[in-house]
Amino acid sequence: MSKQIGLFFGSFNPIHVGHLIIANHMAHYTSLDEVWFVVSPQNPFKEKKSLANMYDRLEMVSLAIQNSDRLRASDIEFNLPQPSYTIDTLVHLKERYPDYDFSLIMGEDNLASFQKWKNADIILRDYKILVYPRPAYDAGELANHPSVTRTETPQMELSSTAIRKAIQARQSVQFMTPDAVIEFIDKKGLYSR
């Protein structure tokens, strides 16, 4: 049987405990063998100027998951054309790892706007989508699609934006992200301006 890999795409700007809880839940409570954090150099729906350097974000993910045997950091999109489109990354991964089965991990908020994605119909046809709940979001008409599975992932209201704002205001972010990530942010002076 081929290895089941869940792809958790994101800016991870920075990674936080909410991301880690979602990934760990998917790796241990679904049919997935591993979850890969796919660090996006540039999300087509986000402003690039607000992002920390992609290598710094990859390093923060690596630091956050260093003690996990089922979570991986992936820089697969770093060498692909930008902005990154999920369908292009999926095609590239399938060529590179033909024996792996890939699934997408996304929040209900992303599923609600999924039809706007490049080649959304092909992704739905060829890949499974594991959805984690997001309070106050309606997954929309795709919630009942045969390729979509809603999981019972624990919910947490925490965002990278809130962490960046707290750092800028010189407030504590302890327990919002792993200590190793906080040390890296402090050392690099990230998000303080």
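Residues numbered from 1 in each chain as written. Predicted model: local features only at pLDDT ≥ 70, side-chain atom pairs only at ≥ 80, totals over all residues. Heavy atoms only, no water.

Visitor: If you had to explain helix H6 (residues 160–168) to someone new, which residues and values would you point to?
Guide: Every buried residue of H6 is listed here: Ser160, Ile163, Arg164, Ala166 and Ile167. Buried residues along H6 cover an arc of 160° about the axis, so they all sit on one side. Where H6 is buried, its residues touch helix H1 (17–29) and helix H7 (179–188). A positive backbone phi angle near 60° is found at Arg170, which sits one or two residues after H6. (Buried < 20%, exposed > 50% of the residue type's maximum accessible area, 1.4 Å probe, protein only. Helix = DSSP H or I, 4+ residues; strand = E, 2+ residues; numbered from the N terminus. Arc of directions from axis to C-beta. Contact = heavy atoms within 4.5 Å.)

Visitor: Account for the sheet that holds strand S3 (residues 71–74), naming residues and giving values.
Guide: One open sheet accounts for six strands, arranged S3-S2-S1-S4-S5-S6; its pairing is parallel. Edge positions in the sheet fall to S3 and strand S6 (148–150), since each has one partner strand and no second. Taken pair by pair, the neighbouring strands of this sheet meet at an average axis angle of 30°, ignoring direction. As paired strands, strand S2 (residues 34–39) and S3 are joined by four bridges and run parallel to one another. Each bridged residue has a counterpart across the sheet, and for Val38 the counterpart in S3 is Ser74. Helix-sheet contacts for H1 involve strand S1 (3–10), S2, S3, strand S4 (100–107) and strand S5 (128–132), and the interaxial angle to S2 is about 145°. Its contacts with the sheet put helix H2 (residues 54–64) on S2 and S3, and the angle it makes with S2 is roughly 160°. (Pairing = 2+ DSSP bridges. Axes fitted to C-alpha atoms, helices over the stretch in contact; angles between N-to-C directions.)

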